[in-house]
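Examination of the molecular architecture
Chain by chain, the residues:
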Amino acid sequence: MNKKAQFYIIAAIIAVALIIGIAKMTNYFGSDVGSTKVYDLAEEYFLTSLRINRELNNELNHAETSLELGLLYRDMNDNKAGRVYLKDSLKYYKKVNSKGNVAMIGELLAEESS
C-alpha cells in the first residue's frame, strides 16, 4: 500500500473517531442541559446526536440518545413523542442485545399504558 493511501485511511479513522466523539459529547451535554429544564436546547443536542449516530450506524449510541429523547419528551409532557422515542430506543437496544435496558424500557412503556 502506498503512503498516500495510508494517509487517507488514517485520516478517515481520525475523522470517524472525531464524529463519534462529537456525537457522544452532544449526547452528554443534552443530558446535562435537560436536567436543568432547558428543554429546547436539550432537544436540539439530542436530535443532533441522533442524526450523527444514524449516519454512523452506531446502534448503541442511537439507543441511548433515543432513550434520553423519550425521557425528555415525557418530562415536557409530550407523552406521544416520548413513546415514539422510547420505542425507537427499545428497537435499537434489542439489536445490540442489551437485555437490562430492554427490560427497563419495557417497564417504562408499560407504566405509560396503565
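1. What about the overall build of the protein?
Tallying secondary structure elements over the protein gives five helices and zero strands in all. Taken over 114 residues, the protein has a buried fraction of 32%. Restricting the contact set of the protein to residue pairs at least 6 apart, pairs at least 24 apart contribute 48%. Total accessible area on the protein is roughly 7,200 Å²; 59% of this is exposed by carbon and sulfur atoms.

2. So, the nonpolar core
Core analysis: the largest hydrophobic core is formed by nine residues, namely Ala63, Leu67, Leu86, Leu90, Tyr92, Tyr93, Ile105, Leu108 and Leu109. Listing elements by their share of this core, those giving two or more residues are helix 3 (59-75), helix 4 (79-95) and helix 5 (99-113). Broken down by element, this core gets its largest block of residues, four residues, from helix 4. Not counting chain neighbours up to four residues away, the residues in contact with leucine 67 comprise Tyr85, Leu86, Ser89, Tyr93, Met104, Ile105 and Leu108.

3. Quick word on helix 5
Taking 1.5 Å of rise per residue, 15 residues should cover 21 Å, and helix 5 covers 21 Å from first to last C-alpha, within 8% of that figure. Buried within helix 5 we find Ile105, Leu108 and Leu109. The buried residues of helix 5 all sit within an arc of 95° when viewed along its axis, so they share a single face. Exposed residues lying more than 90 degrees from the buried face of helix 5 are Lys99, Gly100, Glu107 and Ser113.

So, how was this worked out
- Note on numbering: residues in each chain are counted from 1, in written sequence order.
- Under the rules for a predicted model, residues below a pLDDT of 70 receive no local features and side-chain atom pairs below 80 are neither given nor counted, while totals for whole chains, interfaces and linings still include all residues.
- Side-chain figures throughout are based on the complete set of non-hydrogen atoms in the structure, without hydrogens or water.
- Per the convention used, a helix needs a DSSP run of H or I reaching at least four residues, while a strand needs a run of E reaching at least two, with both numbered from the N terminus.
- Whether a residue is buried, partly exposed or exposed follows from its accessible area with a 1.4 Å probe, protein chains only, as a fraction of its type maximum: under 20%, in between, or over 50%, in that order.
- In this description, contact between two residues means that some pair of their heavy atoms is separated by no more than 4.5 Å.
- Using a 1.4 Å probe, accessible areas were evaluated by the Shrake-Rupley method; residue-level cover was limited to the displayed protein chains.
- Among the buried residues, those of types Ala, Val, Leu, Ile, Met, Phe, Trp, Tyr and Cys that are joined through side-chain atoms within 4.5 Å form a nonpolar core.
- A helix is expected to reach a length of 1.5 Å times the quantity of its residues less one.
- The directions considered for the arc are those from the helix axis to the C-beta atoms.

Shape descriptors only; they carry no functional weight alone.
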